[in-house]
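Chain by chain, the residues:
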Amino acid sequence: MNTIRALIGATLVVVTFGLAVAKLPPPPPMTDAQKAAAEEAKAKTAAGAELAKQQQAKAEDRVASQYFANMKAMGKSVPPPQTAAAAPPAPPAPAATAAVPGAPKK
């Protein structure tokens, strides 16, 4: 009985939300000032993300060097950190003129 009540309640919530969203008008087109503000906000967000990434890398390096120094001070040998191997470079694409039939040969 409680399960049925819960399902009915959830259904009512979903239907009500669907009706409310369906009645909303589409947003008006953005003005040039709004577009400029959006681009500025996007640039600020990207700069903030880059700064956070750099700070994270700095903190990881500091913790790793501290760990290795502590292990060395205790006389324990620690293997060097493992890094991901770089992917081999992709082979160059064949020349486009060689694929064209009837092209003059050099």
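Basis of the calculations
Residues numbered from 1 in each chain as written. Predicted model: local features only at pLDDT ≥ 70, side-chain atom pairs only at ≥ 80, totals over all residues. Heavy atoms only, no water. Helix = DSSP H or I, 4+ residues; strand = E, 2+ residues; numbered from the N terminus. Buried < 20%, exposed > 50% of the residue type's maximum accessible area, 1.4 Å probe, protein only. Areas by Shrake-Rupley, 256 points an atom, 1.4 Å probe, with all protein chains shown as cover. Phe/Tyr/Trp six-rings, centres within 6.5 Å; stacked < 30°, edge-to-face > 60°. Expected span 1.5 Å × (residues − 1).

Peer 1: Teacher, can you tell me more about the overall build of the protein here?
Peer 2: The secondary structure content of the protein amounts to three helices and zero strands. In the protein, the succession of helices and strands from N to C terminus is α-α-α. Across the 106 residues that make up the protein, the buried fraction comes to 1%. Carbon and sulfur atoms make up 67% of the accessible area of the protein, which totals about 10,200 Å².

Peer 1: Teacher, can you tell me more about the packing of aromatic side chains here?
Peer 2: The description of an aromatic ring pair rests on the distance of the ring centres and on the angle between the ring planes. Per the counting criterion, the structure on display carries one aromatic pair. On the numbers, 5.6 Å between centres and 65 degrees between planes, the contact of Y67 with F68 is edge-to-face.

Peer 1: Looking at this structure, how should I read helix α2 (residues 32-73)?
Peer 2: Each full turn of the α-helix corresponds to 3.6 residues, which orients residues three or four apart in the same direction. Given a rise of 1.5 Å per residue, 42 residues ought to cover 62 Å, and the 61 Å separating the end C-alpha atoms of α2 matches this to within 8%. Where α2 ends, the next residue or the one after it, G75, has phi of about 85 degrees, a positive value.

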